[in-house]
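# A closer look at the structure
For reference, the chains in residue letters:
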Amino acid sequence: MNLTDLGLGPARRALGRREFSARELTLAHLAAIEALNPRLNAFLLVTAGEALAAAEAADAALARGEAGPLAGIPLAIKDIFCTKGVRTTAASRILEPFVPPYESTVTANLRRDGAIFLGKTNLDEFAMGSSTTNSAYGSTENPWKRRQDPAARLVPGGSSGGSAAAVAARLAIGATGTDTGGSIRQPASFCGITGIKPTYGRCSRYGVIAFASSLDHPGPMARSVEDCAILLCSMAGHDPLDSTSVEVPVPDYAAACNQSIRGLRIGVPREYRVDGMPAEIEEMWRSGLAWLEDAGATVHDVSLPHTKYGLPTYYIVAPAEASSNLARYDGVRYGLRVPGEDLIDLYEETRGAGFGAEVKRRILIGTYVLSAGYYDAYYLKAQKIRALILKDFTDAFAQVDALLAPTAPSAAFAEGEKTEDPVTMYLNDVFTVPADLAGVPAISVPAGLDADGLPLGLQVIGRPFGEETMIAVAAQLERAASFTALPALRAGSPTI
Amino acid sequence: MSYHIEGRDGPWEIVVGMEVHAQIISNAKLFSGAATAFGAPPNSQVSLVDAAFPGMLPVINSECVAQAVLSGLGLNAAINLRSRFDRKNYFYADLPAGYQISQYQEPLVGKGALSIELADGSSREIGITRLHLEQDAGKSLHDQHPSKSYIDLNRAGVALMEIVSEPDIRSPEEAGLYLRKLRTILRYLGTCDGNMEEGALRADVNVSVRRPGEGLRTRCEVKNVNSVRFVMQAIEAEAHRQVEVWEAGNEVLQETRLFDPARGATRSMRSKEEAHDYRYFPDPDLVPLTLDPAWIEELRSALPELPDAKKARFMAEYGLSAYDASQLVAEAPTADYFETLARGRRAKAVANLMLGDIQAALNRLGQSFAATPTFTSEAVGALLDMIEDGTINGRIAKEVIEEMEASGEGPRAVVARKGLCQVTDTAAIEEAVTAVLARESARVAEYRAGKEKLFGYFVGQVMKAMGGKGNPLLVNETLKKRLA
């Protein structure tokens, strides 16, 4: 048996029965990382020593029968979660010498429950991107290969591309991600795994390096709905250190996987049928609806009339907040400092050298839309449209219990294919951005392959704090799709 | 007579509005748990939130909100049940996040008013436009190193109330009175200690001038004036400058200026064109602040008696003059001190002694009624009682106070040690009077011939002969009888 093939559920049952130790499980993953990471560049930092120490502690806890729900489970952490004493970069040069003296709430919750952190995963710098090519530390390779063109280096999606690639290639059982415009769901779709963007306020943002505060959603990524549900149980919860965190009890999300969906009303947002969508994605969408009907759900057309304004709204709100959130990287207190003649010069030299092109582009856009004379036309208008987008969802959820749509308008593309033109790149997020703007939960599940043999995801969008229903629907899709395809590059695969 | 600046071609009126930044008294900062004590070693009171570390988030400190609401109630202002925090974006080395969290669109406190009493006894209302919460910045120290600037973040994130007045102020005197009154109210409420030297209260002054009856002309803002006296001087100087500009046929340009106390003049800091674009927007890390009306009522019911009400009560209850009452209520501890002493004593005598000789002695000692080891209310009460029961007279009381000031002793100890008890023995007084009248026979003749002014002289001579200790009433009586 290959230990790296185990999902979270089976692995923790086996650990509980002492079929193998947390140390063995961790060593298997560390070995896989050592073999594959030089090629994939999914991890920016591997913390083998800390991982093994944590594994030994987990084994001791398991032996005492006092193990937490994630005892001994090796995870990958997106390098935007601050981890105490462990370098955290947000894939930016500007944080190059930065070791946080504190731990994010989400990772602290995972540690509390016994999880083992293998290391920090790659991302688009400050989570700005959909390809993980905007990293100051090199791009991450998607472990999936085109049947016809196996040499092409495909992107894993982004911004949580390192986490998605690590989970897909069996370098970790699960991972953390953050979703601001689709950064959990789109890479999950591109890498054939599952990812949950929970309701805004469900997982604390404390210690998560901010991109756009009102849109940043920490969430889990894993190889099954149940695994994501188990991780979400640990990650979620009210946090007094985050004023936007919501005090709502955390239910047993894993139990929701076995809930019947009979009688549930599933909405099909008609505005998500966009011109030029590949036929195989249309086909998969139809299959998904059929699977849910087979399980006793009913399917209904719904309208989210402001969908087409989602991307333009997002590309005003997110850069506006980012331009302010990233002002703190000034070379004065921590991170990179490039000396200057005077203070202004210090800022310009440091920020000029420290930020990549996409980050600079968004800071400029954000500064522009907040400027005197432009604020009303851009930022204020975007906020009003954002309210309308939320109303679209509220109205839809008066008629249906969940929505089903494709996660992304395409399968994974090759590096360089879309990266030249930022607007083409931004279109990747057309189906994911609305749920971020509305703060409603959404999950992406692998549901099929395209003609090239690349995975495609479907997303289920739920009501605010309606994660259980959303998970029940996603689990049904997962069972019906019985997605068993494997990426070419994975632990123990013959191609390496 | 209202205040005017006499120009070349007639009078100018001045229009002043003030923005006062008052540091809130609280144990912790506005959005972090760091402490706020003044004078701590540099960077010893800084949390990761204050230093704007990646991923750190602000969490509102409800103690600061309560203090701001109390201040609003003390200014008879409307408390907004919903308010919101915005980010004011600008880059500076002592502003760690690159933005200040403030309230721009929806402040915590709306319109209110404060009343000031002018020297002529009349009073005026000055409108309060708003009061909002915001964070202070850190401090840049440019004089510690030849080529580097040092940053102290102890003050970064400390809670401030920005209190904005209507442009209702019409003279430097009114501006001074406004600032003093605001300070008094905040000190009564315990929401700001009002210490301008330590920067706990800082004023920005908006000044414009106009011909009587005109609408408003362009204003200039004079920033960071740090004493009441400088506020008055800055307004005077800035108003005169503007009058000169207008009368020379030029335009006053809207700008930010600084007051230089050494030169007694203002100078330009930055023009309107150079003004920052702060790119205000709602802080997405914070939810709107919503208050429970019941909580506000709880705070209202716990409000202390405020200076205006206390003054009115002192006048009604103790029969004090408006002037004395104003003096006594300027600081709450002084008013409390007065009330402690006035219980069972003649209030007017208490007020006179406090505001006269005791105040003078405290000034010389650099002490106050709130904190004086010598002139405690017990000690001054004993002194008042000795005057009242005739143990000493008013003149001896002065001497006792001087002696207390010098030695720190209690009044009874001073009187005993120096044998200052008043002589009420009629035989002794008779004896002294006899001796003085015998010695001064020529003046006695003049007095009897009608030069009645000499009576005071005789009293003085008798008191002198008795070493000042004669009971003045008895001395008077005896002299009258003997000279009749």
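Residues numbered from 1 in each chain as written. Chains lettered and ligands numbered in written order. Predicted model: local features only at pLDDT ≥ 70, side-chain atom pairs only at ≥ 80, totals over all residues.

### Re the overall build of chain B
Here is the rule we go by: Comment: elements are numbered from the N terminus, with helices defined as DSSP H or I runs of at least four residues and strands as E runs of at least two. Atoms considered for the radius of gyration are the C-alpha atoms alone. The globule rule reads 2.2 Å times the number of residues to the power 0.38. Exposed residues have 12 or fewer other C-beta atoms within 10 Å of their own C-beta, buried residues have 20 or more, and partly exposed residues fall in between, where C-beta atoms are placed from the backbone. By definition, residues are in contact whenever their C-beta atoms, placed on the basis of the backbone, come within 7 Å of each other.
For chain B, the count of helices and strands is 15 helices and 16 strands. Its C-alpha atoms give chain B a radius of gyration of 29 Å, clearly above 23 Å, the size a compact globule of 484 residues would have. Overall, the C-alpha framework of chain B stretches about 95 × 55 × 55 Å when taken along its three principal axes. Burial analysis of chain B (484 residues in total) assigns 39% to the buried set. Counted over contacts in chain B with a minimum sequence separation of 6, partners at least 24 positions apart contribute 67%.

### Things to note about the overall build of chain A
Broken down by element type, chain A carries 16 helices and 11 strands. By the compact-globule yardstick of 23 Å for 496 residues, chain A fits well, its C-alpha radius of gyration being 21 Å. With respect to the three principal axes, the spread of C-alpha positions in chain A is 65 × 55 × 50 Å. Of all 496 residues assigned to chain A, the portion counted as buried reaches 60%. Put simply, 77% of the contacts in chain A that link residues at least 6 apart link residues at least 24 apart.

### What to know about the sheet that holds strand E15 (residues 281–282) of chain B
Residues and elements named next belong to chain B. Rules: The criterion for strand pairing is that DSSP finds at least two bridges linking the strands in question.
Taken in spatial order, the three strands line up as E5-E4-E15 in an open sheet, and their pairing is antiparallel. One side of each edge strand has no neighbouring strand; the edge strands of this open sheet are strand E5 (99–102) and E15. Here four bridges tie strand E4 (residues 86–89) to E5, and the two strands are oriented antiparallel to one another. Within E5, the residue paired with Asp86 across the bridge is Ser102.

### A few points about helix H7 (residues 225–235) of chain A
All names here are of chain A. Of all 11 residues that make up H7, 11 are buried, and the element is covered over most of its length. Val225, Glu226, Asp227, Cys228, Ala229, Ile230, Leu231, Leu232, Cys233, Ser234 and Met235 are the residues of H7 that are buried. Gly237 sits one or two positions beyond H7 and adopts a positive phi of about 135°.

### Thoughts on the interface of chain A and chain B
Quick note on the threshold: Note that Gly is not counted as nonpolar here; it falls among the polar residues with everything else outside the nonpolar set of Ala, Val, Leu, Ile, Met, Phe, Trp, Tyr, Cys and Pro and the charged set of Asp, Glu, Lys and Arg.
The interface of chain A with chain B comprises 33 residues on the first partner and 26 residues on the second. Counting residues per element, the ones that place at least two in the side of chain A that touches chain B are helix H10 (310–325) and helix H11 (343–354) of chain A. Of the residues that constitute the side of chain A that touches chain B, the class distribution is 18 nonpolar, nine polar and six charged.

### Focus: the pairing of strand E8 (residues 298–302) of chain A
Residues and elements named next belong to chain A. Our working definition: A clockwise path from the first strand over the helix to the second, with the strands pointing away from the viewer, defines a right-handed crossover.
One ladder, built from five bridges, connects strand E7 (residues 265–269) with E8; its direction is parallel. Its bridge partner being in E8, Val268 is matched across the sheet by Asp301. Read from E7 through helix H9 (residues 279–294) to E8, the crossover connection turns out right-handed.

### Quick notes on the confidence of the model for chain B
Here is the rule we go by: Residue-level confidence of the predictor, termed pLDDT, takes values from 0 up to 100.
Residue-level pLDDT values for chain B average 93, and 100% of them are 70 or greater. For this predicted complex, the interface score ipTM comes out at 0.96, alongside a pTM of 0.91.

### Describing the sheet that holds strand E11 (residues 455–461) of chain A
All names here are of chain A. To keep it simple, the criterion reads: Whenever a helix is involved, its axis is fitted only over the stretch in contact; in every case the axis is a line through C-alpha atoms, and angles between N-to-C directions fall within 0 to 180 degrees.
In spatial order, the strands read E1-E3-E2-E4-E6-E5-E10-E11-E9-E7-E8; together these 11 strands make up an open sheet with mixed pairing. The open sheet is flanked by strand E1 (43–46) and E8, the only strands paired with a single partner. Neighbour to neighbour, the strand axes of the sheet diverge by 30° on average, direction disregarded. In terms of strand pairing, strand E2 (residues 74–78) meets strand E4 (residues 174–179) through two bridges, oriented parallel. Each residue of the ladder has a partner; that of Ala76, found in E4, is Ala175. Its contacts with the sheet put helix H2 (residues 22–40) on E1, E2 and strand E3 (116–121), and the angle it makes with E3 is roughly 20°. H9 rests against E7, E8, strand E9 (402–406), strand E10 (442–449) and E11 of the sheet, and its axis sits at about 50° to E11.

### Points about the nonpolar core
This is how the line gets drawn: The term nonpolar core refers to a group of buried residues, namely Ala, Val, Leu, Ile, Met, Phe, Trp, Tyr and Cys, whose C-beta atoms join them within 7 Å.
Counting residues in each nonpolar core, the largest one holds 234 residues, and the members touching the most others are Leu75, Ile116, Ala229 and Ile471 of chain A together with Val205 of chain B. The greatest single-element share of this core, amounting to nine residues, is contributed by helix H2 (residues 172–189) of chain B. When sequence neighbours within four positions are dropped, the list of residues in contact with Ile116 of chain A reads Ala22, Thr26, Ala51, Ala54, Ala55, Ala58, Gly72, Ile73, Pro74 and Leu75 of chain A. Counting residues in hydrophobic clusters, the runner-up holds 32 residues, among them Ala379, Leu384, Ile392 and Leu420 of chain B.

### Focus: the environment of Gly219 of chain A
Residues and elements named next belong to chain A. In this structure, Gly219 sits in strand E6 (residues 217–222). Accessibility expressed as a C-beta count within 10 Å gives 29 for Gly219, which makes it buried. Note: C-alpha distance between Gly219 and Ile266 (47 residues apart in sequence) is 23 Å. In this structure, Gly219 is in contact with Gly177, Asp179, Ile184, Gly195, Ile196, Lys197, Pro198, Cys203 and Leu232, ignoring residues within four places of it in sequence.

### What to know about unusual backbone geometry
What you tend to see is this: most non-glycine residues have negative phi, and most peptide bonds are trans. Residues and elements named next belong to chain A. For the peptide bond that leads from Gly158 to Ser159, omega is 10°, which places it in the cis range. Assignment of secondary structure puts Ser159 in the loop between E3 and helix H5 (161–168). Not every positive phi belongs to a glycine, and Arg170 is a case in point at roughly 65°. With respect to the secondary-structure elements, Arg170 resides in the loop between H5 and E4. C-beta crowding within 10 Å serves as the criterion here: with 26 such atoms nearby, Arg170 is assigned to the buried category. Positive phi, close to 30°, is recorded for Ser482, a residue that is not glycine. Considering the arrangement of structural elements, one finds Ser482 in the segment after helix H16 (467–481).

### Some points on helix H6 (residues 322–329) of chain B
Within H6 of chain B, burial applies to Asp324, Ala325, Gln327, Leu328 and Val329 of chain B. At its buried positions, H6 of chain B is contacted by helix H5 (307–318), helix H7 (332–342) and helix H8 (347–365) of chain B.

### Some remarks on the environment of Gly462 of chain A
Residues and elements named next belong to chain A. Position of Gly462 relative to the elements: it lies in the loop between E11 and H16. Distance in space between the C-alpha atoms of Gly462 and Leu404 is 9.2 Å, their sequence separation being 58 residues. Excluding residues that lie within four positions of it along the chain, Gly462 makes contacts with Ala402, Val440, Pro441, Glu467, Thr469 and Met470.

### Some remarks on the pairing of E3 of chain A
Residues and elements named next belong to chain A. Most of E3 is tucked away: six of the six residues are buried. In the sheet, E1 pairs with E3 via three bridges, with the strands oriented antiparallel. Within E3, the position partnered with Leu45 by the bridge is Lys120. In the classification by handedness, the crossover that spans E2, the intervening helix H4 (residues 105–112) and the parallel E3 is right-handed.

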